[in-house]
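# Observations on chain architecture
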Amino acid sequence: MAAANLQSVPQPQQAQGEEAPSAEDVAGQAYFDRVIAEDSRIEPRDWMPAAYRKTLTRQVSQHAHSEIIGMQPEANWITRAPSLKRKAILMAKVQDEAGHGLYLYSAAETLGTPRDVLNQQLLDGKAKYSSIFNYPARTWADMGAIGWLVDGAAIANQVPLCRASYGPYGRAMVRICKEESFHQRQGFEILLELSNGTPAQKQMAQDAVNRFYAPALMMFGPPDDDSPNSKQSMAWNIKRFSNDELRQRFVGMIAEQVKVLGLTLPDPELHYDEAAGRWIHKDLDWQEFKDVISGKGPCNAQRMARRREAHENGTWVREAARAYAQKQAAKRAAEEIGAA
Ligand code: FAQ
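A quick note: this is a predicted structure, and the numbers were derived from the prediction, not measured.

## Some words on the packing of helix α4 (residues 84-109) against helix α5 (residues 115-123)
Between α4 and α5, whose axes approach to 9 Å, the crossing angle comes to 115 degrees. In this structure, α4 crosses over α5, and the sense of that crossing is right-handed. Together, Leu-102, Tyr-105, Ser-106, Ala-108 and Glu-109 of α4 and Arg-115, Leu-118, Asn-119 and Leu-122 of α5 make up the contact between the two elements. Here the contact of α4 with α5 is built from residues that sort into five nonpolar, two polar and two charged.

## Topic: the packing of aromatic side chains
Under the criterion given, the structure shown has six aromatic pairs. Their ring planes at 75 degrees and their centres at 4.9 Å tell us that Phe-32 and Tyr-52 sit as a pair that is edge-to-face. Here Phe-32 is found in helix α1 (residues 23-37), whereas its partner Tyr-52 is found in helix α2 (residues 50-69), with 20 residues between them in sequence. As far as burial versus exposure is concerned, Phe-32 and Tyr-52 are alike and both buried.

## Here's the deal with the environment of Ser-40
Residue position: Ser-40 is located in the loop between α1 and α2. The spatial distance from the C-alpha of Ser-40 to the C-alpha of Tyr-166 is 9.0 Å, given a sequence separation of 126 residues. Ser-40 has contacts with Val-35 and Ser-165, leaving out every residue within four places of it along the chain.

## Some thoughts on the pattern of salt bridges
Tallied over the entire structure, the rule returns 15 salt bridges. For Glu-43, the salt bridge goes to Arg-171, with nearest N and O atoms at 2.8 Å. Of this pair, Glu-43 sits in the loop between α1 and α2 while Arg-171 sits in helix α7 (residues 167-195); the two residues are 128 residues apart in sequence, bridging distant segments of the chain. Residue Glu-43 is classed as partly exposed on the basis of its relative accessible area, which comes to 25%. As a salt-bridge pair, Lys-126 and Asp-124 come within 4.0 Å of each other at their nearest N and O atoms.

## A short note on the layout of surface pockets
Considered as a void within the structure, the second largest pocket measures approximately 720 Å³ in volume. Lining the second largest pocket we find 21 residues, and of these Ile-68, Arg-307, Ala-310, His-311 and Arg-318 sit closest to its centre. Counting only elements with at least two residues in the lining of the second largest pocket, the list comes to α3 (71-75), α4, α5, α12 (300-313) and α13 (315-339). Looking at the lining of the second largest pocket, the element that brings in the most residues is α12, giving five residues. Residue classes in the lining of the second largest pocket are distributed as eight nonpolar, seven polar and six charged.

## Quick word on the nonpolar core
Counting residues in each nonpolar core, the largest one holds 78 residues, and the members touching the most others are Tyr-52, Trp-148, Tyr-169 and Phe-250. Among residues more than four places away in sequence, those in contact with Phe-250 are Leu-149, Gly-152, Ala-153, Ala-156, Ala-216, Leu-217 and Phe-220.

## What to know about the site of the ligand
Near the ligand lie 36 residues; those nearest to it are Gln-62, Lys-128, Ser-227, Lys-239 and Asn-243. Between the ligand and the protein, one listed contact pairs an oxygen atom with a side-chain N or O atom of Arg-58 at 3.1 Å. Within the backbone of Pro-228, an N or O atom sits 3.3 Å from an oxygen atom of the ligand. Considering the ligand on its own, with 1,100 Å² of exposed area, one finds that the protein chains cover 90% of that surface. Going through the elements one at a time, α2, α4, α6 (141-158), α7 and α11 (286-296) are the ones with two or more residues in the shell around the ligand. Among the elements that take part in the shell around the ligand, α2 stands out by supplying six residues, more than any other.

The rules behind each value
- Residues numbered from 1 in each chain as written.
- Predicted model: local features only at pLDDT ≥ 70, side-chain atom pairs only at ≥ 80, totals over all residues.
- Heavy atoms only, no water.
- Axes fitted to C-alpha atoms, helices over the stretch in contact; angles between N-to-C directions.
- Helix = DSSP H or I, 4+ residues; strand = E, 2+ residues; numbered from the N terminus.
- Left-handed = near helix turned anticlockwise from the far one by under 90°.
- Contact = heavy atoms within 4.5 Å.
- Nonpolar A, V, L, I, M, F, W, Y, C, P; charged D, E, K, R; others polar.
- Phe/Tyr/Trp six-rings, centres within 6.5 Å; stacked < 30°, edge-to-face > 60°.
- Buried < 20%, exposed > 50% of the residue type's maximum accessible area, 1.4 Å probe, protein only.
- Salt bridge = Lys/Arg side-chain N within 4 Å of Asp/Glu carboxyl O.
- 1 Å grid on protein atoms, 1.4 Å probe; cavity = no way out; pocket = protein on both sides within 12 Å on 5 of 7 lines; lining within 4 Å.
- Points joined across faces, edges and corners; volume = space filled by probe spheres on them.
- Core = buried A, V, L, I, M, F, W, Y, C linked by side-chain atoms within 4.5 Å.
- Near = heavy atom within 4 Å.
- Polar contact = N/O pair within 3.5 Å; in protein donor to acceptor, adjacent residues only side chain to side chain.
- Areas by Shrake-Rupley, 256 points an atom, 1.4 Å probe, with all protein chains shown as cover.

Everything listed here is a matter of geometry and, on its own, says nothing about what the molecule does.
In structure tokens form, the structure reads like this:
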């Protein structure tokens with residue numbers, strides 16, 4: 001960390017009864033403020049405010065949990081995909097999501113909380129994951145709607161996160177976004193093929209879009225007025241756009257793409273208001289959103305039961321990996337003693 005000139009740094013406000021900040025904290029805060037003002041990056045060994053570390057740990061770990069829980073609705077369809085080629089593509093996509101979870105847990109760990117602890121928070125029902133994965137995937141067309149709408153919303157949200165001020169998170173997002181872009185295209189292609197198929201196939205595609213449209217718009221989070229974290233996260237250059245700004249971009253994008261699909265969005269009010277310079281879409285049911293993120297969505301219980309079961313079933317793998325690591329460490333220690 002670059003040394004800061006302490007005399008030129010305004011002293012942080014000290015509340016009554018609180019200890020005065022140390023010289024290291026004062027210098028650290030000054031360095032942090034300068035990095036953020038220069039739109040540069042904070043790295044794991046740099047000083048950072050406790051609240052910055054906390055909000056990033058929250059967001060990055062919630063994001064990691066979403067990738068892992070998000071494997072379930074699609075994994076359920078691998079055996080039922082309509083051809084070998086479709087199975088292979090879907091399996092690759094689900095594996096990619098597992099990889100995203102792993103990059104994100106690694107990024108979160110650099111903030112100081114071990115992965116086991118983060119994972120336990122999920123298993124205990126104390127950590128959130130994206131609302132969207134609490135909706136069921138009922139038909140094959142839902143694989144198309146998830147790819148097109150859910151991965152599409154994920155890209156709209158995550159491309160700006162490639163510039164997040166925390167280095168490990170921003171770098172993880174670069175690779176994730178490349179893979180998400182393949183995911184979105186595979187979803188679009190599934191819907192396009194169904195839309196050009198029999199009337200029943202086209203209807204199945206339309207039904208899937210109808211069911212996933214509003215939940216996909218809710219992925220961007222509550223409206224700006226009701227988003228407690230946005231302002232500070234934007235001031236810290238973690239988020240680059242507000243929830244509503246990103247929702248706007250996304251709805252504008254899909255309003256055009258749906259025409260190529262030959263389908264419609266279930267939103268008769270959807271139009272671009274030239275005077276206001278924004279898209280007008282239907283009101284979203286924010287009570288439903290609150291219910292879903294507080295555990296009362298259609299599939300919350302099922303998703304968490306499946307995750308806990310998978311964790312239990314993986315016990316022997318973790319034990320074997322630990323035993324192997326201990327054996328390797330003992331071998332290395334013996335070699336070092338022998339070499340001394
Ligand atoms: N679901 O103050 P804000 C994917 C929570 S990955 C659940 O606006 P913030 C890939 C929020 O955490 C999808 N909870 O919060 C894939 C906060 O909780 P708190 C995941 C939500 O953080 C595709 C509270 O509400 N993507 O899809 C949701 O500034 C297919 C107040 O909200 C990410 O995580 C929600 N939708 O903004 C995988 C992206 N929205 O404080 C498999 C990174 C809000 O009580 C298959 N995250 N909450 O703990 C972000 O960009 C932000 O965290 C937001 C929320 C935009 C999600």
